[in-house]
Amino acid sequence: MSNSDIFIGEIIGTAVLILLGGGVVAAVVLKRSKAQNAGWLAITFGWGFAVLTAVYMTGALSGAHINPAVTLGIAIKDNEWTNVPVYIAGQLLGAMIGAVLVWLAYYGQFQAHLTDREVISEPVDEKAIEGPHDETSAQAGPVLGIFSTGPEIRNVWQNLATEIIGTTVLVLAVLTQGLNDSGKGLGPLGGLIVALVVVSIGLSLGGPTGYAINPARDLGPRIVHALLPLPNKGGSDWSYSWIPIAGPLIGAAIAAGIYNVAFA
C-alpha cells in the first residue's frame, strides 16, 4: 500500500464511520427526527454497522484501520512505524469530514433541537460532575454527544479505565481475529468479527463513557463541534477530551503487549 492509498483510504473509511455512527446518534437524539428516542440498542448496532461498512469499503485500499488505536496496536505488534503518521492524519481528517456530513444531513433537526426552549433551558446536572471543573466542562452542549463522548459520572480514573478496558478488548480482537493475510489491516471476515465486537463493547461497556475506543472518532468531531455555527450549542467539554484519546491509546498498547506475549 502506498502512502496515498493509505491516506485516501483512511479518510474515506473514517468519514463513513463517523457519518453513519454519528448519524445514528443524531437520529436518536434530535427533535423532529423519525428515529428520536430509538434508544441505546439502535446506537450500538448503528455503530457496529458503521464499522462494517467502512471496513468493507476501504479494506482493500488502506487496510481500514479507521482508528489510531488499531494503527498503534498493529505497529507495536510488528514493530513497524513508518506509515503510522499517514494513517493517523487520514483518520483525523476523515473523522472531521464525517462530522460535517452528519451536520449537513441533519441540518434542519439541529436547528429545531437547538432552538427548542425545553432543550436550551435544561439545567446542567452539577451533581454528575465530580471534582474541580471549568465552565466549558459544566456547560457541555445539548448536542455534543452526537459529535463526541462524555461520561455519565465524571470520575477521571473510572472514565480512563473504562476506555482502556474497552479498547484493549477491541484491539486484541483485531490482532487475533480481524487481520487480513498480510497482517497490515482488516480482512473481510475480520471486518465482520470486529463490527460485532464493537456492538458487544457498546452494549457491555458503553454505559459509563459512551465508548469512544477511538481517539480520532472523538477528537475530530469534537473539533468540528467547536467550529460549527450551531445556535445555543454550549461548550465542547475540552477538559474531558484527553480521556478518549489517552485511554484508547493505552488500551491499544496493552492489547499489543498481550498479543506479543500470548499469541505471537
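Residues numbered from 1 in each chain as written. Predicted model: local features only at pLDDT ≥ 70, side-chain atom pairs only at ≥ 80, totals over all residues. Heavy atoms only, no water.

**What about the pattern of salt bridges?**
So, point 1. Summed over the entire model, instances satisfying the criterion amount to 4 salt bridges.
So, point 2. With a shortest N-O distance of 3.6 Å, Asp 78 and Lys 184 are connected by a salt bridge. Highlighted residues: Asp 78 in helix H3 (residues 68-78) and Lys 184 in the loop between helix H9 (156-178) and helix H10 (188-205), separated in sequence by 106 residues.
So, point 3. Taking relative accessible area as the criterion, Asp 78 reaches 28% and is therefore assigned partly exposed.
So, point 4. With relative accessibility at 35%, the residue Lys 184 sits in the partly exposed group.
So, point 5. A salt bridge links Asp 237 to Arg 154, with the nearest nitrogen and oxygen atoms 2.8 Å apart. (Salt bridge = Lys/Arg side-chain N within 4 Å of Asp/Glu carboxyl O. Helix = DSSP H or I, 4+ residues; strand = E, 2+ residues; numbered from the N terminus. Buried < 20%, exposed > 50% of the residue type's maximum accessible area, 1.4 Å probe, protein only.)

**Some details on a nonpolar patch on the surface**
So, point 1. Together, Phe 7, Ile 8, Ile 12, Leu 19, Leu 20, Met 57, Leu 61, Leu 93, Ile 97, Leu 101 and Leu 104 line one region of the surface with nonpolar side chains, adding up to about 850 Å² of accessible area.
So, point 2. Elements with a minimum of two residues in the nonpolar patch: helix H1 (3-29), helix H2 (40-62) and helix H4 (84-105).
So, point 3. With 5 residues, the top contributor of residues to the nonpolar patch is H1.
So, point 4. Residue placement: Leu 104 occurs in helix H4. (Patch = residues over 30% accessible without salt bridge, like charges linked within 9 Å, V, L, I, M, F, W, Y side chains within 5 Å. Areas by Shrake-Rupley, 256 points an atom, 1.4 Å probe, with all protein chains shown as cover.)

**So, the packing of H3 against helix H12 (residues 243-262)**
So, point 1. It is at 8 Å that the axes of H3 and H12 come closest, and there the two elements cross at 30 degrees. Judged by the angle between their axes, H3 and H12 are roughly parallel. The two elements H3 and H12 cross, and the hand of that crossing is right-handed. Seen from H3, the contacting residues are Pro 68, Ala 69, Leu 72, Gly 73, Ile 76 and Lys 77; seen from H12, they are Pro 248, Leu 249, Ala 252, Ala 253, Ala 256, Tyr 259 and Asn 260.
So, point 2. A per-class count over the contact of H3 with H12 returns 10 nonpolar, 2 polar and 1 charged. (Axes fitted to C-alpha atoms, helices over the stretch in contact; angles between N-to-C directions. Parallel < 35°, antiparallel > 145°, perpendicular 65-115°, else oblique. Left-handed = near helix turned anticlockwise from the far one by under 90°. Contact = heavy atoms within 4.5 Å. Nonpolar A, V, L, I, M, F, W, Y, C, P; charged D, E, K, R; others polar.)

**Things to note about unusual backbone geometry**
So, point 1. In this structure, Asn 37 is a non-glycine residue whose phi angle is positive, near 70 degrees.
So, point 2. Inspection of the secondary structure assignment puts Asn 37 in the loop between H1 and H2.
So, point 3. Taking the relative accessible area as the measure of exposure, Asn 37 reaches 65% and is therefore exposed.
So, point 4. With phi around 55 degrees, Asp 237 is a residue other than glycine that occupies positive phi space.
So, point 5. Structurally, Asp 237 is set in the loop between helix H11 (215-227) and H12.
So, point 6. Owing to a relative accessible area of 3%, Asp 237 belongs among the buried residues under this scheme.

**As for H11**
So, point 1. Here H11 spans 18 Å end to end across 13 residues, near enough to the 18 Å set by a 1.5 Å rise per residue.
So, point 2. The complete set of buried residues in H11 reads Pro 215, Ala 216, Arg 217, Asp 218, Gly 220, Pro 221, Arg 222, Val 224 and His 225.
So, point 3. Where the residues of H11 are buried, they touch H1, H2, H3, H4, helix H8 (144-147) and H12.
So, point 4. Near the N-terminus of H11, the side chain that reaches the backbone nitrogen of Ala 216, with its oxygen 3.1 Å away, is that of Asn 214. (Expected span 1.5 Å × (residues − 1). Polar contact = N/O pair within 3.5 Å; in protein donor to acceptor, adjacent residues only side chain to side chain.)

**Some thoughts on the confidence of the model for the protein**
So, point 1. Per-residue pLDDT for the protein averages 93, and the proportion of residues at 70 or more is 93%.
So, point 2. This stretch, residues 125-138, has a pLDDT under 50; its non-local contacts, to residues over four places away or in other chains, come to 21 contacts. (pLDDT = per-residue confidence, 0-100.)

**Some thoughts on the packing of H3 against H9**
So, point 1. Where H3 contacts H9, the two axes come as close as 10 Å, and the packing angle between them is 55 degrees. As the angle between them shows, H3 and H9 are arranged oblique. By crossing handedness, the relation of H3 to H9 is classed as right-handed. Of the residues in H9, those in contact with Ala 69, Val 70, Gly 73, Ile 74 and Lys 77 of H3 are Thr 167, Val 171, Val 174 and Leu 175.

**Here we look at the environment of Ala 15**
So, point 1. Within the secondary structure, Ala 15 sits in helix H1.
So, point 2. Counting along the chain gives 154 residues from Ala 15 to Val 169, while the straight-line C-alpha distance between them is 23 Å.
So, point 3. If sequence neighbours within four positions are ignored, Ala 15 has contacts with Glu 10, Gly 94, Ala 95, Ile 97 and Gly 98.

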